Amino acid sequence: MERTGTVRFSVIVPVYNVENYLAECVKSVVEQDGPADWECILVDDGSTDTSGAMCDAFAQLCPGVTVIHRENGGLAAARNTGIRAAKGEWLLFLDSDDYWPAQMLENLRAAMDAAPGFEWYVGRYFELDASAGGKPAPTPGPVEKFTPGADESQDYAARVERLWAAGHWAVWRFCVRRELLMRTDALFWDEVRWAEDYPFDLVLLKACPRLCYLDVPMVVYRVGRAGSLLNSGLPAHFVGIAAAVRRFEKLFAAPNSGWSEAEQREVWRRVGNVFWPQARGAACRDKALRRACAPGIEACRALFDKGDECRSRADWALFRFLLKGFGPRFALWAGGVLKR
């Protein structure tokens, strides 16, 4: 049911086959305290279960909730669909298998009003272990390096480090001015269909050198859910990483891109650190999995000399040597043998 009046917050919720979690997600938004200054846009990304019908029902029954149905295109494309349809000044991102804590929006309003003048706010989060039996209580996400307050550093690498050190890089702990994304074209990359958040973060940190950290838990993040994107098939991870590599190469090669050599090095370092844990995971005993992953790893060859992860231990450095010298198929087989 479309919201009338001023919309301060647009909540973008991509939906794909989450019939067991969607009601809790939407309920957590609809039951927030405070003024009705929000809209919740459910983007049904071609669900094949009852999620699409559930979205229609929520849109009929709940003021402020609307639905967009689209063909399946992945999480990044679904979020972009929601962003383009949004009416609010501020964008919030919520995954449909997660939910908001009570009073989140009330606390966020107060914190933003107390720290005006920014176009990007970053909050904290809770974790909920979905693999545990029963109904476990949410626990605080990593906070030991989370320091509330402004970050106006002129050093791009320092801004990246603070964001990464402050917890999960997922966008569900962000509140971003919509006009900033439209003005700078800092949208999600549709073709990056696994771990789409980190390229978005890296581009946004370039576009927005001033951000503010708020001591507000913004989401309850469901960890370890079977069937979630982070737990999907390993070969798809390399397809997503390779897509990010191609986009960054194109971005940096553009005339007057504005990206300094130091900033480019920091980007490649971070993308490399995403790649290496996945590559080590593919060095396993499962022959079929190794063969399925090898082409995607080859497509990420630009990362073989990037990142810190491949140099932190002798066995990982050996794995990197084998990848560079003998190719993915041999390196994955040898890595699997060494793991035995």
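Scroll up to find the structure this text is about.
Residues numbered from 1 in each chain as written. Predicted model: local features only at pLDDT ≥ 70, side-chain atom pairs only at ≥ 80, totals over all residues. Heavy atoms only, no water.

A few words now on the overall build of the protein. Of regular secondary structure, the protein possesses twelve helices and nine strands. Over its C-alpha trace the protein gives a radius of gyration of 21 Å, about what one expects of a compact globule, namely 20 Å for 340 residues. Its C-alpha atoms give the protein principal-axis dimensions of roughly 60 × 45 × 40 Å. In the protein, which comprises 340 residues, the share counted as buried stands at 52%. Computed over 42 positive and 44 negative side-chain charges, the inter-centroid distance for the protein is 8 Å. (Helix = DSSP H or I, 4+ residues; strand = E, 2+ residues; numbered from the N terminus. Rg over C-alpha atoms; globule rule 2.2 N^0.38 Å. Buried < 20%, exposed > 50% of the residue type's maximum accessible area, 1.4 Å probe, protein only. Lys, Arg positive; Asp, Glu negative; His and termini not counted. Charge placed at Lys NZ, Arg CZ, Asp CG, Glu CD.)

Right, let's talk about the packing of aromatic side chains for a bit. This model, assessed by the stated rule, comprises 25 aromatic pairs. Summarising the aromatic geometry, the rings of Phe188 and Phe200 are spaced 4.0 Å apart at their centres and angled 10° between planes, so their arrangement reads as stacked. Of this pair, Phe188 sits in the loop between α6 (178-184) and α7 (197-207) while Phe200 sits in helix α7, and the two are twelve residues apart along the sequence. Of the residues examined, Phe200 reaches a relative accessible area of 2% and is grouped as buried. (Phe/Tyr/Trp six-rings, centres within 6.5 Å; stacked < 30°, edge-to-face > 60°.)

Here the focus is the pairing of strand β8 (residues 174-177). Pairing geometry for strand β4 (residues 90-93) and β8, over three bridges, is antiparallel. Across the sheet, residue Leu92 finds its bridge partner in β8, namely Cys175. With three bridges connecting them, strand β5 (residues 120-129) and β8 associate as antiparallel partners. Note on β8: the bridge partner recorded for Trp120 is Val176. (Pairing = 2+ DSSP bridges.)

This brings us to a nonpolar patch on the surface. A cluster of nonpolar side chains, Leu318, Phe321, Phe326, Phe330, Trp333, Val337 and Leu338, forms an exposed patch at the surface whose accessible area comes to about 710 Å². Looking at the nonpolar patch, the elements that each hand over two or more residues are α11 (314-326) and α12 (328-339). Considering every element that reaches the nonpolar patch, the biggest residue donor is α12, with four residues. Position of Val337 among the secondary structure elements: in helix α12. On the accessibility criterion, Val337 (33% relative accessible area) is partly exposed. (Patch = residues over 30% accessible without salt bridge, like charges linked within 9 Å, V, L, I, M, F, W, Y side chains within 5 Å. Areas by Shrake-Rupley, 256 points an atom, 1.4 Å probe, with all protein chains shown as cover. Salt bridge = Lys/Arg side-chain N within 4 Å of Asp/Glu carboxyl O.)

Next up on the list: the side chain of Arg280. The topology assignment puts Arg280 in helix α9 (residues 261-282). Under the relative-accessibility criterion, Arg280 is labelled buried at 13%. When near neighbours in sequence (up to four residues on either side) are disregarded, Arg280 contacts Glu309, Trp316, Phe319 and Lys339. (Contact = heavy atoms within 4.5 Å.)

Looking now at the pattern of salt bridges. Pairs can form between side chains of opposite charge whenever their charged atoms are close. Evaluated as defined, the whole model comprises 26 salt bridges. Glu89 is paired through a salt bridge with Arg177; the nearest N and O atoms lie 2.3 Å apart. On the criterion of sequence distance, the pair formed by Glu89 in the loop between α3 (75-85) and β4 and Arg177 in strand β8 is long-range, its members being 88 residues apart. Here Arg270 makes a salt bridge to Glu161, at a shortest N to O gap of 2.6 Å.

Okay, the environment of Phe275 next. Looking at the element boundaries, Phe275 is found in helix α9. Classification of Phe275 by relative accessible area gives buried; the value is 0%. For the pair formed by Phe275 and Gln154, sequence separation is 121 residues and the distance between their alpha carbons is 27 Å. Each residue touching Phe275, except ones within four places of it in the same chain, is listed here: Phe238, Ile241, Ile297, Cys300, Leu303 and Phe304.

Judged by nonpolar contacts, the single largest core of 70 residues is most densely connected at Trp120, Ile241, Val271 and Phe275. With nine residues, the top contributor of residues to this core is helix α8 (residues 234-253). With 39 residues, the next largest nonpolar core counts Phe9, Val29, Cys40 and Phe58 among its residues. (Core = buried A, V, L, I, M, F, W, Y, C linked by side-chain atoms within 4.5 Å.)

Now for the packing of helix α5 (residues 156-165) against α9. Pairs of packed helices are described in terms of their axes, by the angle between the two and the distance that separates them. Running from amino to carboxyl end, α5 crosses α9 at an angle of 25°, the nearest separation of the two axes being 9 Å. Compared by their axis directions, α5 and α9 come out roughly parallel. Here Tyr156, Ala157, Val160, Glu161 and Trp164 of α5 lie close against α9, whose contacting residues are Glu263, Glu266, Val267, Arg269 and Arg270. Looking at side-chain class alone, the contact of α5 with α9 contains five nonpolar, no polar and five charged residues. (Axes fitted to C-alpha atoms, helices over the stretch in contact; angles between N-to-C directions. Parallel < 35°, antiparallel > 145°, perpendicular 65-115°, else oblique. Nonpolar A, V, L, I, M, F, W, Y, C, P; charged D, E, K, R; others polar.)

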